[in-house]
Amino acid sequence: MDLHRDAIVADGHNDLLMLVARRPKDVWSTYFRERWIPQLRDGGIDVQVLPVFIDSEFLPEGALRETLRMIEAAHRIAAANSDEVALCTAPGDIEAATSAGKIALVLALEGCPQIDTDVELLQTLHRLGVRMVSFTHFGRSALGDGSGEDATGGRLTHAGVEAVGLLEELGVLIDVSHVGRAGVEHILELATKPVVASHSSAFALRDHHRNLTDEQLRGIAATGGVVCVNFFAGFLTTEEKPTVDHLADHIVHILDVAGEDHVGLGSDFVAEVFGEKIPACDRPVVIQGLDAELYVPGLEGPAGMPLVTDALVRRGLPEATIRKTLGQNLTRILTTHSNL
């Protein structure tokens, strides 16, 4: 616990902003303060990436409007809770926030339905604070195919290729999580700057299309990037009783393949999102053939993050390696490439 509290802990993916934005705007800030700050503090989280994910109910016409609502929500919760958190958009913001004991918040896009082929809008969203972008979700987008479309062998579209160039020019991290296998390879061919996977695990240990092959892990590392390991049970194991040791297996594997400078954490906590958004009549929740309500015990939300450190300590990993995995690596990429 002392190591966990002393280390910089960075989470590459938590969808909590979806739950903030679905509430009336007048309670965004108080809801975040009462519901999420305690969980993030209990988990010892210092840097939290907040993806903007657009649910199908808003597609296609409402995607841009909902994106702007979620970004506005992020700005408001940061402004109203400035004693606890800071939305990081400028050079030195992450270091300033963490040095002051605040949680550094970073905006990301998960999939790009809000821009379609209007790639220039990525520059607009960058002006609003977005510092990480993934091109797809499970299906097909205007920029490329998601991993659920792997059978098509689809690479990036012309707009996707244009987006790679613009994002690198802007200093926005390109996120390959959810991108199909051929699309990941295409991005790695084009990339001249570090690439991240904000929430992806190892295909060698769990052969699901959402996970990354060893070749892809090495490719991301070769860009100087970071693979943030996903905590979602279905991506970790086929066993009916997942444990934190299954997560540790993936972390150790990626450490072995990509190297200790290229591994991070990308929780993808969804228990509270599904619990609130999905009615009883739509349960059980099955996503891509997986039980989406099967969680690693204790890792249903941010407060359980110290369990990860404990598991890595029990594996006998060096303290320096654990510190890099918990947050130093992801924070380094955010501060150097995204200039935060």
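Let me sum up the structure you'll find in this document. (Residues numbered from 1 in each chain as written. Predicted model: local features only at pLDDT ≥ 70, side-chain atom pairs only at ≥ 80, totals over all residues. Heavy atoms only, no water.)

Some points on the layout of surface pockets
Consideration 1: The computed volume of the largest pocket comes to approximately 530 Å³.
Consideration 2: Of all the elements, helix α11 (residues 271-277) adds the most residues to the lining of the largest pocket, at three residues.
Consideration 3: The residue inventory of the lining of the largest pocket, partitioned by class, reads eleven nonpolar, four polar and seven charged.
Consideration 4: Its boundaries defined by the atoms lining it, the second largest pocket holds a volume of some 280 Å³.
Consideration 5: If you trace the second largest pocket, you find 18 residues lining it, with L59, C112, P113, R140 and S141 closest to the centre.
Consideration 6: Considered class by class, the residues forming the lining of the second largest pocket number ten nonpolar, five polar and three charged. (1 Å grid on protein atoms, 1.4 Å probe; cavity = no way out; pocket = protein on both sides within 12 Å on 5 of 7 lines; lining within 4 Å. Points joined across faces, edges and corners; volume = space filled by probe spheres on them. Helix = DSSP H or I, 4+ residues; strand = E, 2+ residues; numbered from the N terminus. Nonpolar A, V, L, I, M, F, W, Y, C, P; charged D, E, K, R; others polar.)

A short note on the side chain of S267
Consideration 1: Take S267: it is sitting in the loop between β9 (263-266) and α11.
Consideration 2: Residue classification places S267 among the buried residues on the basis of a relative accessible area of 1%.
Consideration 3: A polar contact is formed between the side chain of S267 and the backbone oxygen of H13, at a distance of 3.0 Å.
Consideration 4: Not counting residues within four places of it along the chain, the set of residues in contact with S267 comprises D11, H13, N14, V229, N230, F231, F232 and M305. (Buried < 20%, exposed > 50% of the residue type's maximum accessible area, 1.4 Å probe, protein only. Polar contact = N/O pair within 3.5 Å; in protein donor to acceptor, adjacent residues only side chain to side chain. Contact = heavy atoms within 4.5 Å.)

Some thoughts on the packing of aromatic side chains
Consideration 1: Within the structure shown, the criterion is met by two aromatic pairs.
Consideration 2: Between F231 and F269, the aromatic rings sit 5.6 Å apart at their centres with planes inclined by 85°, giving edge-to-face as the arrangement. Taken together, the positions of F231 in the loop between β8 (226-230) and α10 (244-258) and F269 in the loop between β9 and α11 put the pair 38 residues apart, joining distant regions of the chain.
Consideration 3: By relative accessible area, which is 6% here, F269 ends up buried.
Consideration 4: Positioned above the aromatic ring of Y31, the side-chain terminus of R23 is 3.8 Å from the ring centre. (Phe/Tyr/Trp six-rings, centres within 6.5 Å; stacked < 30°, edge-to-face > 60°. Lys NZ or Arg CZ within 6 Å of the ring centre and 35° of its normal.)

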